[in-house]
Amino acid sequence: MCFHRKEYKYLKDGRLEDVLALIQVLALDKDSHRSEEGVKSELPALPNSADSWLQLAKEHQEFFRVVEGRKYPISLVTRHVSNESGEKRPPLSPEHTQALLNSAIELHDRQIRRSQRWTVLIPIWVAVIGGAIAIIKVLAESGSA
């Protein structure tokens, strides 16, 4: 299933798993800001749904903050804006991390439901078109008689 529209970014193959993995690394690791190489040290494989972890983070600004040109450009928005000062911010609590993971799953599920909404209309359109063809046929036959 391939969706190119921006609002369907969670429906790319492997996207949810990639987002969940990146959230966990950035939420629970001692370092709050990471480089692409830093993420790769925790998640040795590239993401399945993007060319890089940096690209994935850019596509999901609802969770991730990316400041290009910095040594450590990737962070979680919620962790970056925490009350701590400086670059060292404590890892998120397991409860806060779970809430972020649940939010990503909910966004994914909503996009699935939204993408499937049109399928309900197919039988209706088939019936309307079939009825219109039948009416046209009856009118054409009655006009030729």
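Scroll up for the structure.
Just so you know, these numbers come straight off a predicted model, no measurement behind them.

1. With respect to the overall build of the protein
Okay, so step 1: Within the protein, the secondary structure is distributed over six helices and three strands.
Okay, so step 2: Mapped from its N terminus to its C terminus, the protein presents α and β elements in the order α-β-α-α-β-β-α-α-α.
Okay, so step 3: For the protein, the residues scored as buried account for 34% of the 145 residues in total.
Okay, so step 4: Here the contacts in the protein between residues at least 6 apart in sequence split such that 62% fall between residues at least 24 apart.
Okay, so step 5: When the accessible surface of the protein is totalled, it reaches about 9,200 Å², and 60% of it is carbon and sulfur.

2. A short note on the environment of Glu-36
Okay, so step 1: Looking at where Glu-36 falls in the secondary structure, it is placed in helix 2 (residues 36-42).
Okay, so step 2: Each C-alpha atom of the pair Glu-36 and Pro-73 lies 8.1 Å from the other, and the pair is 37 residues apart in sequence.
Okay, so step 3: The residues touching Glu-36, leaving out its near neighbours within four places in the chain, are Leu-46, Ser-52, Trp-53, Leu-54 and Ile-74.
Okay, so step 4: A polar contact is formed between the side chain of Glu-36 and the backbone nitrogen of Leu-54, at a distance of 2.7 Å.

Basis of the calculations
Residues numbered from 1 in each chain as written. Predicted model: local features only at pLDDT ≥ 70, side-chain atom pairs only at ≥ 80, totals over all residues. Heavy atoms only, no water. Helix = DSSP H or I, 4+ residues; strand = E, 2+ residues; numbered from the N terminus. Buried < 20%, exposed > 50% of the residue type's maximum accessible area, 1.4 Å probe, protein only. Contact = heavy atoms within 4.5 Å. Areas by Shrake-Rupley, 256 points an atom, 1.4 Å probe, with all protein chains shown as cover. Polar contact = N/O pair within 3.5 Å; in protein donor to acceptor, adjacent residues only side chain to side chain.

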